[in-house]
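Observations on the three-dimensional arrangement
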Amino acid sequence: QKEVEQNSGPLSVPEGAIASLNCTYSDRGSQSFFWYRQYSGKSPELIMFIYSNGDKEDGRFTAQLNKASQYVSLLIRDSQPSDSATYLCAVDTGNQFYFGTGTSLTVIP
Amino acid sequence: GAGVSQSPSNKVTEKGKDVELRCDPISGHTALYWYRQRLGQGLEFLIYFQGNSAPDKSGLPSDRFSAERTGESVSTLTIQRTQQEDSAVYLCASSRDKIQPQHFGDGTRLSIL
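A short tour of the structure in this document, coming up. (Residues numbered from 1 in each chain as written. Chains lettered and ligands numbered in written order. Predicted model: local features only at pLDDT ≥ 70, side-chain atom pairs only at ≥ 80, totals over all residues. Heavy atoms only, no water.)

Quick word on the interface of chain B and chain A
Each partner contributes to the interface: chain B provides 18 residues, whereas chain A provides 18 residues. Taking both partners together, chain B and chain A bury about 1400 Å²; carbon and sulfur atoms supply 51% of that area. For chain B, the biggest contributors to the area lost against chain A are Leu43, Lys98 and Pro101 of chain B; these three give 32% of the whole. Inspection of the region where chain B meets chain A yields zero salt bridges. Our count for the contact surface shared by chain B and chain A stands at three residue pairs in polar contact (both at pLDDT 80 or more). In terms of residue count, the dominant contributor to the side of chain B that touches chain A is strand S4 (residues 31–37) of chain B (three residues). (Contact = heavy atoms within 4.5 Å. Buried area = accessible area lost by both parts, 1.4 Å probe. Salt bridge = Lys/Arg side-chain N within 4 Å of Asp/Glu carboxyl O. Polar contact = N/O pair within 3.5 Å; in protein donor to acceptor, adjacent residues only side chain to side chain. Helix = DSSP H or I, 4+ residues; strand = E, 2+ residues; numbered from the N terminus.)

Considering the pattern of salt bridges
Residues and elements named next belong to chain A. Enumeration over the complete set of coordinates arrives at six salt bridges over all chains. A salt bridge links arginine 60 to aspartate 83, with the shortest nitrogen-to-oxygen separation between them at 2.9 Å. Of this pair, arginine 60 sits in the loop between strand S6 (54–58) and strand S7 (61–66) while aspartate 83 is found in the loop between strand S8 (71–76) and strand S9 (85–92), placing the two residues 23 residues apart along the sequence. Given the relative accessible area of 27%, arginine 60 is considered partly exposed. (Buried < 20%, exposed > 50% of the residue type's maximum accessible area, 1.4 Å probe, protein only.)

This is the structure in structure tokens:
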């Protein structure tokens, strides 16, 4: 079992819709959770991080964390074509930092 | 600049040669990470530094790979006797401390002929 699992996609949503990206992790003791966006040929850039159960909102982005179920999700509201990228979930277990393989998102104009 | 700086941005070398990749983290960031990303693949953790120490070397794929960090600043990743499977983008990231978000450099694209 991988430390961090993501659906590789591709996920396609129409412009203006909500995109929902999900991630599960295996280490129940994990404390810190991150979402990165990576455009093709570019390095990852941080979108959001979350440490506590519940929701954290930043503009059009909402991160949701459920430690009991060991999943973290990212919602993108009012999706734009510029949101088309690969979204990487990352988890810090306290011992090591793990990235998922990413979910490819395409927002269709 | 204010971000993580990596050099060279591109490196092409012949199989069997040694290469050295450099990373300048954001000033004041104590944690520094190296990752490898093959084409179309996810990030593969290589090594992590806290200050100048590397408590976790478990990700280094073979003894041909080594890394060091000096002055709690610059880090170098060295690959000896390069093989074609070493071709990838090598990404460096730094963070204020271990639990803080990581900020990535633009990477070094390594091509082994």
